Amino acid sequence: MDNITAPLQFFLDPGKRIYWGYAFTAILIASLATTYQQRSFNPGSQLLALTNPHYWFNRSTLIDYALMLINSLIRTSLIIPALGARLSGALIVGAFLQVNVGDVQIVSSSWLFVAILFSGTLFLADDASRFLLHREMHRWPLLWKMHRVHHSATILTPFTVFRVHPIESVIYSARGFIVFSLVAGTFIWLFKGQLSALEVLGVDALGFIFNMAAANLRHSHVRLSFGPLEGMFISPTQHQIHHSIYHQNVNFGSCLSLWDKFSGTLVRSREIPRDTKLTFGLKQPMKIGRSIGATGRV
Ligand SMILES: [Zn+2]
Ligand SMILES: [Zn+2]
């Protein structure tokens, strides 16, 4: 029963993107963006657009919901039991370094400094590894076969984030586990005893800010650009460009756009004329991204 109701818990879990608090800020930001773009505030029509049943219930979104349920079942019945507590991987890495590299200890007078350094390192490693895996998903035919499920969405809603092939979902979980184990294990080894389990497992502060700042609008039809900040952070419009049938080999980043900048795959919102309607899905052959080879994949 717990497995079945797990997706409902997503609304109450700050670790999930559709947590009610993030949904609330997303609606607020969407309203502000729409008001700004239309140069007028029309709460009636905004509410109508938000509650339009054709937007939330259609052929595309039904697949999102089905995959959300399937992936949640796999997570609770397979991934969590298989990978166990996240800390176990970190402790193994820490013990491995202690035995094979030797006893190193950095003493810091401030636990806060260690905690901030740890959160920052974990955030960077997590975001970079997501970027790399996502880019490979588009590059390798076998991985693309799975990842195209996410791109087959023709209507983007915040639930599209769960529209992922079950095997892709398992691969991403394994990635998260490996990255966390490596980073946390290294910190446990370097700062023995100065980083408590609580800090290691604490709420990911940067991820929280990212989710509050309109991450839900990435999968929506609300155009929201970050202007000059798009060279640093991926805006909702930049991810929508990634979903556009013409531009799928660009903007692979999750939070930071630096990785795309380095790999030559960054496209800013201003490069797409404002009045260009972005069409989502797989139907048409796409144009090729900046630096990724011409594969003709869609
Ligand atoms: Zn993609
Ligand atoms: Zn997406």
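Residues numbered from 1 in each chain as written. Chains lettered and ligands numbered in written order. Predicted model: local features only at pLDDT ≥ 70, side-chain atom pairs only at ≥ 80, totals over all residues. Heavy atoms only, no water.

### Some thoughts on the overall build of the chain
Point 1. Of the regular secondary structure elements, the chain holds 13 helices and 0 strands.
Point 2. When the helices and strands of the chain are listed from N to C terminus, the series reads α-α-α-α-α-α-α-α-α-α-α-α-α.
Point 3. Looking at the chain as a whole, 47% of its 298 residues qualify as buried.
Point 4. Sequence separation of at least 24 residues holds for 73% of the intrachain contacts in the chain that already meet a minimum separation of 6.
Point 5. For the chain, the accessible area works out to roughly 15700 Å², and carbon and sulfur atoms hold 71% of it. (Helix = DSSP H or I, 4+ residues; strand = E, 2+ residues; numbered from the N terminus. Buried < 20%, exposed > 50% of the residue type's maximum accessible area, 1.4 Å probe, protein only. Contact = heavy atoms within 4.5 Å. Areas by Shrake-Rupley, 256 points an atom, 1.4 Å probe, with all protein chains shown as cover.)

### Quick notes on the packing of aromatic side chains
The description of an aromatic ring pair uses the distance of the two centres, along with the angle that the planes make with each other.
Point 1. Applying the stated criterion to the full structure yields 7 aromatic pairs.
Point 2. Pairing Y65 with F159 gives two aromatic rings, centres 5.2 Å apart and planes at 75°, and the pair type is edge-to-face. With a gap of 94 residues between them, Y65 in helix α5 (residues 59-83) and F159 in the loop between α8 (141-151) and α9 (166-190) connect regions that are remote in the sequence.
Point 3. Look at F131 and F252: their rings are 6.2 Å apart centre to centre, the planes differ by 70°, and that puts the pair in the edge-to-face class. With a gap of 121 residues between them, F131 in helix α7 (residues 111-139) and F252 in the loop between α12 (236-243) and α13 (258-263) connect regions that are remote in the sequence. By the burial criterion, F131 is buried, and F252 matches it. (Phe/Tyr/Trp six-rings, centres within 6.5 Å; stacked < 30°, edge-to-face > 60°.)

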